[in-house]
Amino acid sequence: MAATTTYLPAAIGDDVSQIDTPALCVSLDRLETNMARMKSYLAAHPHIRFRPHFKAHKASALARLQLDTHGGPQTMCCQKLCEAQALVNAGVTDILLTNEVVGAAKLKRLGGLLKQGADIAVLADCRRNLDDLARLARDIESPIRVFIEVNVGQNRCGVEPASPELLDLANTIATSPHLTLAGLHCYQGALQHVRTHTDRAAQVAQVADAARRSRDAVEKAGHKVEVVTGGGTGTFLLEAEAGVHNECQPGSYLFMDLDYGRNLGADGQPVTTFVQSLYIEATVMSKPNPNRAVVDAGLKAVSWDSGAPAVGNVATGTLCKGVKIENGGDEHGVLLIEDDSDLTALEVGDRVQLFPGHCDPTINMHDCIVGVRGGKVAAVWRVDGRGPGF
């Protein structure tokens, strides 16, 4: 069978009109604005280390740009082994895999990355997984760093805060010749999209309390907790202010999406911490009547798990008025255009920019991210860590 090659929708130097669609694009000016803002926020909270989350974009070339821009420790976190592999291939070796690694196939792959010299810490929340990790560490003759995952409210993985199970795991790791207790993983992903600032702050306070009680219980049992990690784009400033976490994991801050845009700040207005930089470049392929246009970006090009995408203008970060998008199937998006809409003059062949509801899974659908500046393609980054989750 002949080898397949990845089709790239654009080349560096192309005019934006030459980008083949549907294409995942990012405004480099706005991306850099977000990186600069993050650097400023972190400077105001020097006690908290920045470990950006690779799962947001899964592109190792962009990871290198992130790390070079922020300076400091060359550390990242990721969610899956395919993402860890992409990071290691790019020379990033201080990695926190924010997930449990379970099953013989995955443990073998983890061992292979560790034998390449990567320093990869993993999560665990049960003795069985610790036993498997200890055997792997023994076989590769190198200890494995483990963060105990604590359920601080999401009710997904993790042991309960300050529980006997937490202390049992901490003692098991501390007494193992093959494992090292790296810290506690205290992340509540659902809070990233709690809408009001008051509610978000109150629930982060509960997370911080659970993390504090867990840290104190483990340390009272005689085991030093060096790192309490967690905090995403929507909450990291609140966790930083609470003073328990000393490491944060924002990822979506680079791009933002419609769901983050629904969050409100302390003033009751939509948050402006970061700006929208990510969009899908799409082409109008049909306009059957003045109030309906069809674009070439459907369910295979943009995620709908956090609601429909919207037509916007990335240069201003604003949404177009008088238009909404309906699901047209795998390869089609249907624009329903009101008579007084900004888009009544759309014709077949025209371009529109779609803002995704959720940036992470949207990026996972694409082989590359096209970086645009001044009407030209200035970067094409392969999404080399994408995949269904292996």
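Coordinates for the structure precede this section.
Source: prediction; values computed, not measured.

Novice: Would you take a moment to explain the nonpolar core for this structure?
Specialist: The nonpolar side chains of a soluble globular protein tend to be buried with one another. If you look at the biggest cluster of nonpolar residues, it comprises 54 residues, and the most contacted ones within it are Leu 110, Ile 120, Val 122, Leu 133, Ile 144, Val 146 and Ile 148. With near-sequence residues (within four places) excluded, Leu 133 lies in contact with Leu 107, Leu 110, Val 122, Ala 124, Ile 144, Val 146 and Leu 179.

Novice: What is the right way to read unusual backbone geometry from this model?
Specialist: Glycine aside, the phi torsion of most residues is negative, and most peptide linkages are trans. In this structure, Pro 22 follows Thr 21 across a cis peptide bond, with omega equal to 0°. Tracing the sequence through the fold places Pro 22 in the segment before β1 (23-27). Although it is not a glycine, Ala 162 sits at a positive phi angle of roughly 55°. Along the chain, the position of Ala 162 falls in the loop between β6 (144-149) and α6 (164-174).

Novice: What am I meant to see in helix α7 (residues 197-220) here?
Specialist: The periodicity of an α-helix, 3.6 residues per turn, causes residues three or four places apart in sequence to face the same way. With 24 residues, α7 extends 34 Å between its outermost C-alpha atoms, agreeing within 8% with the 34 Å of an ideal straight helix rising 1.5 Å per residue. Regarding α7, the residues found buried are Arg 200, Val 204, Val 207, Ala 208, Ala 210, Ala 211, Ser 214, Ala 217 and Val 218. At its buried positions, α7 is contacted by α6, β7 (179-185), β8 (227-229) and α8 (236-242). Immediately downstream of α7, the backbone of Gly 222 shows phi near 100°, a positive value.

Novice: Which parts of the structure should I look at to understand the state of the cysteines?
Specialist: What makes a disulfide is a covalent bond joining the sulfur atoms belonging to two cysteines. On inspection of all chains with the given rule, the structure shows zero disulfides. Its sulfur unpaired, Cys 82 is 8.3 Å from the next cysteine sulfur, which belongs to Cys 78. Taking the relative accessible area as the measure of exposure, Cys 82 reaches 11% and is therefore buried.

Novice: Would you mind showing me how to read the packing of aromatic side chains here?
Specialist: Two numbers describe a pair of aromatic rings. These are the distance of the centres and the angle of the planes. Counting across every chain of the model gives five aromatic pairs. Here Tyr 41 and Phe 274 contribute two aromatic rings whose centre-to-centre distance is 5.6 Å and whose plane-to-plane angle is 85°, an arrangement assigned as edge-to-face. Placement of Tyr 41 in helix α1 (residues 28-43) and of Phe 274 in the loop between α9 (258-261) and β10 (278-289) is noted, with a sequence separation of 233 residues between them.

Calculation criteria
Residues numbered from 1 in each chain as written. Predicted model: local features only at pLDDT ≥ 70, side-chain atom pairs only at ≥ 80, totals over all residues. Heavy atoms only, no water. Core = buried A, V, L, I, M, F, W, Y, C linked by side-chain atoms within 4.5 Å. Buried < 20%, exposed > 50% of the residue type's maximum accessible area, 1.4 Å probe, protein only. Contact = heavy atoms within 4.5 Å. Helix = DSSP H or I, 4+ residues; strand = E, 2+ residues; numbered from the N terminus. Expected span 1.5 Å × (residues − 1). Disulfide = S-S within 2.5 Å. Phe/Tyr/Trp six-rings, centres within 6.5 Å; stacked < 30°, edge-to-face > 60°.

Distances and angles like these do not, on their own, reveal function.
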